[in-house]
Amino acid sequence: MKLLIKALAFAADKHRNQRRKDVAASRYINHPIALVDVLANEGGLEDERLMVAAVLHDTLEDTQTTERELDKLFGKELVDLVKEVTDDKALPVAERKRLQITHAKTLSRRAKLVKLADKICNLRDMAIAPPAGWGLARRQDYFDWAKQVIDEIRGVHPTLERIFDEAYSRRPTAASPEPH
Ligand code: ZN
């Protein structure tokens, strides 16, 4: 509990000036909090280290946070876990997306669970409030790519996988109403 609260305070501080890409530009911290909510309340999981990893999962990739800082506050095991779900930003986006698919099955159980919750939350956001300017094809590609990643890790948590499939079933089509 204490570690989780520490992680929430840390992530809230690190993401404080960031907004999500949706049109409403929601506060970034809503996203890691949504992951923890999915894992705990929809997945029935109680593993505090997993929750801490979920809260911190975007800090290395999207903020100035260093591995050293995370290590000092949360320990090496946690750093390794966050690194597992961190893309190498030096690579082009297409390559990063390809690597997420090929690396997915090599992830630890906790990293797979973070990945599952991340994709569930991202698809839900994408269905309701996609980033400004994303046309239908781009949104569809995003759904399909997320499914390719999750298809590589199936068997880790059937309930969350079913919840992912529900989120995927809202893949936009030409017939769906335009969001907003
Ligand atoms: Zn994320």
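Refer to the structure above for everything that follows.
If you're wondering where the values come from, they're calculated on a predicted model, not measured in any experiment.

> Quick question: what am I supposed to make of helix 6 (residues 76–84) here?
Along an α-helix, a turn takes 3.6 residues, which lines up residues three or four apart on a common side. Among the residues of helix 6, Leu78, Val79, Leu81 and Val82 are the ones counted as buried. Relative to the axis of helix 6, the buried residues are bounded by an arc of 165 degrees and lie together on one face. Those residues of helix 6 that are buried are in contact with helix 3 (48–56), helix 4 (59–62), helix 5 (67–74) and helix 8 (109–128).

> I tried to follow the coordination of the zinc ion on my own but got confused; where do I start?
Around a metal, the idealised angle for a tetrahedral arrangement of four donor atoms is 109.5 degrees; for an octahedral arrangement of six donor atoms it is 90 or 180 degrees. For the zinc ion, the full set of protein donor atoms is His31 (NE2), His57 (NE2), Asp58 (OD) and Asp118 (OD), and the range of their distances to it is 2.1 to 2.6 Å. Each of the 4 donor atoms around the zinc ion contributes to a set of angles spanning 78 to 171 degrees, which defines the coordination as irregular. Positions of the donor residues of the zinc ion, expressed as sequence spacing, correspond to H-x25-H-D-x59-D. Within this pair, whereas aspartate 58 is found in the loop between helix 3 and helix 4, its partner aspartate 118 is found in helix 8, the two being separated by 60 residues in sequence. A relative accessible area of 11% places aspartate 118 in the buried class.

> Can you help me understand the environment of isoleucine 5 in this one?
For isoleucine 5, the position within the fold is in helix 1 (residues 2–14). Between the alpha carbons of isoleucine 5 and valine 55 there is a distance of 9.7 Å; along the sequence they are 50 residues apart.

> Is there a simple way to think about the packing of helix 3 against helix 6 in this case?
Packed helices, taken two at a time, are described by their axes: the angle between them and the distance between them. For the pair helix 3 and helix 6, interaxial distance at closest approach is 10 Å and the crossing angle is 50 degrees. Classed by the angle they form, the pair helix 3 and helix 6 counts as oblique. As helix 3 packs across helix 6, the resulting crossing turns out to be right-handed. Taken together, the residues of helix 6 that come into contact with helix 3 (itself represented by Arg49, Val52, Ala53 and Leu56) are Glu77, Leu78, Leu81 and Val82.

> Please clarify how helix 7 (residues 93–103) should be interpreted in this entry.
Those residues of helix 7 lying buried are Arg96, Leu99, Gln100 and Ile101. For helix 7, the elements touching its buried residues are helix 4, helix 8 and helix 9 (136–151).

> What should I look at first to understand the environment of aspartate 125 in this one?
Its place among the elements puts aspartate 125 in helix 8. As a C-alpha pair, aspartate 125 and tyrosine 168 span 43 residues in sequence and 11 Å in three-dimensional space. Setting aside residues up to four positions removed in sequence, aspartate 125 forms contacts with Arg20 and Pro130.

> Looking at this structure, I do not really get the nonpolar core. What am I missing?
Grouped together as the largest cluster of nonpolar side chains are 51 residues, with contacts concentrated most on Leu39, Leu56 and Leu160. Mapped by element, the contributors of at least two residues to this core are helix 1, helix 2 (30–42), helix 3, helix 5, helix 6, helix 8, helix 9 and helix 10 (158–168). A total of 9 residues in this core trace back to one element, the largest contributor, which is helix 8. Discounting residues that sit within four places of it in the chain, leucine 56 has contacts with Ala7, Phe10, Ala11, Leu70, Phe74, Leu78 and Val82.

> Would you explain the pattern of salt bridges in this entry?
Two side chains with opposite charge may pair up if their charged atoms get near one another. Enumeration according to the criterion identifies 19 salt bridges in this entry. Close ionic contact of glutamate 42 with arginine 124 constitutes a salt bridge, the shortest N to O distance being 2.8 Å. In this pair, glutamate 42 is assigned in helix 2 and arginine 124 in helix 8, connecting sequence segments 82 residues apart. According to the relative accessible area criterion, glutamate 42 is partly exposed, its value standing at 29%. Each of Asp47, Arg49, Glu77 and Arg110 takes part in a single network of salt bridges with overlapping partners.

Thresholds applied
- Residues numbered from 1 in each chain as written.
- Predicted model: local features only at pLDDT ≥ 70, side-chain atom pairs only at ≥ 80, totals over all residues.
- Heavy atoms only, no water.
- Buried < 20%, exposed > 50% of the residue type's maximum accessible area, 1.4 Å probe, protein only.
- Helix = DSSP H or I, 4+ residues; strand = E, 2+ residues; numbered from the N terminus.
- Arc of directions from axis to C-beta.
- Contact = heavy atoms within 4.5 Å.
- Donors = N, O, S within 2.8 Å, 3.2 Å for Na, K, Ca; no water.
- Tetrahedral: all angles 85-135°; square planar, octahedral: opposite > 155°, others 65-115°.
- Axes fitted to C-alpha atoms, helices over the stretch in contact; angles between N-to-C directions.
- Parallel < 35°, antiparallel > 145°, perpendicular 65-115°, else oblique.
- Left-handed = near helix turned anticlockwise from the far one by under 90°.
- Core = buried A, V, L, I, M, F, W, Y, C linked by side-chain atoms within 4.5 Å.
- Salt bridge = Lys/Arg side-chain N within 4 Å of Asp/Glu carboxyl O.

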